[in-house]
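Tertiary structure, described
Single-letter residue listing:
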Amino acid sequence: MRYKAKPHTTRAFNEALRNSGGQGTVMEFGVRWGRSFVWFAQQLSIRYPKCRLMGFDSWKGLPEETKGIPVHRKHAPGRFREHRIHTEIALNDLGIFTKRVSLIDGWFSDTLTDSLKGKVKTPLLFVHLDCDLYISTIQVLRWIDSLLSSGTILVFDDLKKPENSGWGQRKALNEWMVETKWKCEVHEHKKIYMVT
Ligand SMILES: C[S@@+](CC[C@H](N)C(=O)[O-])C[C@H]1O[C@@H](n2cnc3c(N)ncnc32)[C@H](O)[C@@H]1O
């Protein structure tokens, strides 16, 4: 397995971390077999050893989308199911499964609690939302809302075009933008948003 993030994600990650002063947290929602998560962990271990990394996954694949919201066939319940052990082994083999790197197991609806929020080392620098569905993305955005600060970068891996506003990550982003006090500017690439 080659551990890497997509080019636009890599650029956004580097920018968020470069401007961080070396402290804070990176989060990924949707780890699967760790292709991008292990890459983030490698970067932190080499260049930003004081930053923390948190990965969230059910390890059961995708949940069912909210009723009434269209969903692509490739996003059926259970899709992308992968055992946590693959990511764990990769991190251990590379010697980078340190106490600054954590995997939080379970459905976001169970794991994204106020008590966990209290343990996050702010600022939240960079968030990779690779969880595909509306239901998962809106849960994440509502949870991270109070952890955000000016300069946090959000990358949506599966953001539909603006005209497809009725489903997926685009629907979640649109709804959250109405609810939140934060403004976001589109940043360099159409799937990247910087909180302002
Ligand atoms: C496209 S995969 C992630 C790919 C991964 N970033 C990589 O680079 O290999 C989506 C992942 O999101 C997880 N996921 C989606 N919605 C979730 C939810 N509500 N709770 C927990 N995990 C979820 C799935 O289990 C799946 O592993």
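Data block above holds the structure.
Here goes a summary of the coordinates provided. Within each chain, residues carry numbers counting from 1 in the order of the written sequence. Only residues with pLDDT of at least 70 are given local features in this predicted model, and only at 80 or more are side-chain atom pairs given and counted; all residues enter the totals for whole chains, interfaces and linings.

Notes on the overall build of the chain
Strands are runs of DSSP state E lasting at least 2 residues, helices are runs of H or I lasting at least 4, and numbering of each runs from the N terminus. Looking only at helices and strands, one finds seven helices and seven strands in the chain. Starting at the N terminus and walking to the C terminus, you meet the elements of the chain as α-β-α-β-α-β-α-α-β-α-β-α-β-β. Since a compact globule built from 196 residues should have a radius of gyration of about 16 Å, the 16 Å found for the chain is in line with a globular shape. By its C-alpha atoms, the chain is 45 × 35 × 35 Å across when sized along the principal axes. The buried share among the 196 residues of the chain stands at 39%. For this measure, only C-alpha atoms enter the radius of gyration; the expected value for a globule follows 2.2 Å times N^0.38, where N is the number of residues. We call a residue exposed when 12 or fewer other C-beta atoms sit within 10 Å of its C-beta, buried when the count reaches 20 or more, and partly exposed for counts in between; the C-beta positions come from the backbone.

Details of unusual backbone geometry
Following Thr-122, the chain continues into Pro-123 via a peptide bond in cis, with omega recorded as 5 degrees. Here Pro-123 is to be found in the loop between α5 (114-117) and β4 (124-129). With a phi angle near 60 degrees, Trp-59 is a residue other than glycine that sits in the positive phi range. Tracing the sequence through the fold places Trp-59 in the loop between β2 (52-57) and α3 (84-93). Owing to 17 C-beta atoms within 10 Å, Trp-59 belongs among the partly exposed residues under this scheme. Although it is not a glycine, Phe-80 adopts a positive phi angle of roughly 75 degrees. Looking at the element boundaries, Phe-80 is found in the loop between β2 and α3. Looking at Phe-80, the number of C-beta atoms within 10 Å reads 20, which means it is buried.

Re the site of the ligand
Working rule for contacts: place C-beta from the backbone, and if it is within 6 Å of a molecule or strand, that residue counts as near it. Contacts to the ligand come from 20 residues, most closely from Gly-30, Arg-32, Arg-35, Ser-58 and Ser-136. Residue composition of the shell around the ligand, by class: nine nonpolar, five polar and six charged. In this count, Pro and Cys sit with the nonpolar residues alongside Ala, Val, Leu, Ile, Met, Phe, Trp and Tyr, while Asp, Glu, Lys and Arg are called charged and the others, Gly among them, polar.

Side note on the pairing of strand β7 (residues 189-195)
Within a regular strand, side chains alternate between the sheet's two faces. Strands are labelled as partners when DSSP assigns at least two bridges between them. Where strand β5 (residues 153-156) and β7 come together, three bridges link them in antiparallel fashion. If you follow Val-155 over to β7, its bridge partner there is Ile-192. Bridging between strand β6 (residues 184-187) and β7 involves four bridges; their strand directions are antiparallel. Of the residues in β7, the one forming a bridge with Cys-184 is Val-195. Joining the antiparallel neighbours β6 and β7 is a turn of one residue, in which Glu-188 adopts a positive phi near 65 degrees.

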